[in-house]
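# A closer look at the structure
One-letter residues, chain by chain:
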Amino acid sequence: MDYQILKIQIADRIATVTISRPAALNALNTNFFKELNHFLDDLEPRDDVKALVITGEGKAFVAGADIAEMVHMNAEEGYAFSTFGQRTFDRLEQLAIPVIAAVNGYALGGGCELAMACDFRIASKLAKFGQPEMNLGMIPGYAATQRLSRITGLGNALYLILTADTISADDALRIGLVQKVTEPEQLMEEVMKLAAKMAGNGSQAVPRSKRIIRNGIAMDFKEASELEAVEFGKQFSDEATKEGMKAFLEKRKPAW
Ligand code: CAA
């Protein structure tokens, strides 16, 4: 596919997707979702890529869904626009590998929703977060009504969506919406360090943990703990797990 919006780079087992529509502050339109789905089609079967980073070009991560596209929609088209976005973000969330949002600037509306579909959010001090849909007389459409409360708690989700307030990176850190705040010029270095740490684990423990945590949240505690025990057992058939333990006992690095 000839990508018009996504810039894709793969190096050292880490894929980096840069959303590049800076004139519209990287607003998410239908073409963006087509391109992201195409990229995911290519990425899912690959086993040489161990982490994915998503960032934005210019002063925004993503300033929301594309208002210029939405303004012409009827109810049926609005529903289709929402479900297409939701399905794509679900796919991103369900990727076997860890996904990091490197939030370089505005992460508003659909941009905050994209960041929340990633596993971690590392933010530049310049980043701003919010669900300002209320200012447009609308509600979020890419699952902020569900993910925001799961990540930050009910009170913070109600506050951000019902007031449309935009918050700083430090406030986002305080409510658990981001995991770390960096100086703007250090953002990508910090994110790449984190991605490399996970990509360098040669066992199945990273994807296995992600799968159990992601799937377990939709189960009751007992069922989810059983899933953990089953997966814990399975890893004793993995050479890489045996090697990890042997290496510890022999006081050396695992030979992965
Ligand atoms: N959709 C379409 N275009 C957008 C956009 C969006 N979400 N956000 C910004 N742009 C465009 C602007 O229209 C402008 O285009 P022109 O130069 O052609 O006029 C360009 O990007 C630059 O934007 P500004 O001039 O507004 O830049 P600024 O620095 O003054 O302000 C901002 C930055 C505060 C982020 C402001 O652009 C803004 O408020 N954007 C909209 C944020 C928003 O409401 N997001 C939610 C969208 S709805 C949604 O996301 C629903 C959903 O959940 C599915």
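Here the structure is shown first, and the text comes after it.
Residues numbered from 1 in each chain as written. Predicted model: local features only at pLDDT ≥ 70, side-chain atom pairs only at ≥ 80, totals over all residues. Heavy atoms only, no water.

### Things to note about the overall build of the protein chain
Formally: Helical segments are the DSSP runs of H or I of at least four residues, strand segments are the runs of E of at least two, and each set is numbered from the N terminus. The quantity called the radius of gyration is restricted to C-alpha atoms. Its globule counterpart is 2.2 Å times the number of residues to the power 0.38. Burial classification: accessible surface area is computed with a 1.4 Å probe over protein chains only, and a residue below 20% of its type maximum counts as buried, one above 50% as exposed, and the rest as partly exposed. Contact criterion: two residues are considered in contact whenever any of their non-hydrogen atoms come within 4.5 Å of each other. Only the protein chains shown count as cover for residues, and all accessible areas are computed by the Shrake-Rupley method using a 1.4 Å probe. Charged-residue counts in this description rest on Lys and Arg as positive and Asp and Glu as negative, His and the chain ends being excluded. By convention, the point assigned to a charge is CZ for Arg, NZ for Lys, CD for Glu and CG for Asp.
Each helix and strand counted, the protein chain has eleven helices and ten strands in total. Its C-alpha atoms give the protein chain a radius of gyration of 19 Å, within 12% of the compact-globule value 18 Å for 256 residues. If you line up the protein chain on its principal axes, its C-alpha atoms span 60 × 40 × 35 Å. Counting every position in the protein chain, which comprises 256 residues, the buried fraction comes to 44%. Of the contacts formed within the protein chain by residues at least 6 apart in sequence, a portion of 70% connects residues at least 24 apart. When the accessible surface of the protein chain is split by element, carbon and sulfur atoms take 56% of a total near 13500 Å². Within the protein chain, the 34 negative side-chain charges are centred at a point lying 6 Å from the centre of the 29 positive side-chain charges.

### Points about the sheet that holds strand 3 (residues 51-56)
In plain terms, the rule: Note on pairing: DSSP must find at least two bridges between two strands before they are called paired. Fitted lines through C-alpha atoms give the axes, limited to the stretch in contact for helices. The angle between two N-to-C directions lies from 0 to 180 degrees.
The strand order 1-2-3-5-7-10 describes an open sheet built from six strands, whose pairing is mixed. If you trace the sheet from one side to the other, it starts and ends with strand 1 (6-11) and strand 10 (180-182), each paired once. Pairs of neighbouring strands in the sheet enclose a mean axial angle of 20°, with direction left out of account. Helix-sheet contacts for helix 8 (residues 187-199) involve strand 2 (14-19), strand 3, strand 5 (99-103), strand 7 (120-124) and strand 10, and the interaxial angle to strand 5 is about 175°.

### So, the packing of aromatic side chains
Rules: For Phe, Tyr and Trp, where Trp contributes only its six-membered ring, two rings pair if their centres lie within 6.5 Å, and the inter-plane angle classes them as stacked under 30 degrees, edge-to-face over 60, or tilted in between.
Scanning all chains against the criterion turns up seven aromatic pairs. Ring plane angle 70° and centroid distance 5.1 Å describe the contact between Phe 33 and Tyr 142, whose orientation is recorded as edge-to-face. Note that Phe 33 is positioned in helix 1 (residues 30-43) and Tyr 142 in the loop between strand 8 (128-130) and helix 5 (144-152), a separation of 109 residues in sequence. Take Phe 33: its relative accessible area is 1%, and that puts it in the buried class. Each ring, one from Phe 89 and one from Tyr 142, has its centre 5.4 Å from the other, and the planes form 75°; the classification is edge-to-face. One end of the pair, Phe 89, is in helix 3 (residues 75-93); the other, Tyr 142, is in the loop between strand 8 and helix 5, and 53 residues separate them in sequence. When its relative accessible area of 3% is taken as the criterion, Tyr 142 is described as buried. Pairwise contacts between aromatic rings join Phe 32, Phe 33, Phe 81, Phe 84, Phe 89 and Tyr 142 into one cluster.

### Some remarks on a nonpolar patch on the surface
Test applied: Residues qualify for a patch when their relative accessible area is over 30% and they have no salt bridge, like charges being joined within 9 Å and the nonpolar side chains of Val, Leu, Ile, Met, Phe, Trp and Tyr within 5 Å. Between Lys or Arg on one side and Asp or Glu on the other, a salt bridge is scored when a side-chain nitrogen of the former is within 4 Å of a carboxyl oxygen of the latter.
Taken together, the side chains of Met 134, Leu 154, Leu 158 and Leu 162 present a nonpolar region at the surface, about 400 Å² in accessible area. Here Leu 158 shows up in helix 6 (residues 154-163).

### Topic: the sheet that holds strand 8
If you walk across this open sheet you meet the four strands as 4-6-8-9, and the pairing is mixed. The open sheet has two edge strands, strand 4 (60-62) and strand 9 (166-168), and neither has a second partner. Here the average twist between neighbouring strands, direction ignored, is 20°. By the bridge criterion, three bridges tie strand 8 to strand 9 in an arrangement that is antiparallel. Residue pairing for strand 9: Gly 130 is matched across the bridge by Thr 166. Lying over the sheet, helix 4 (residues 110-117) contacts strand 4, strand 6 (106-108) and strand 8, oriented at roughly 75° with respect to strand 4.

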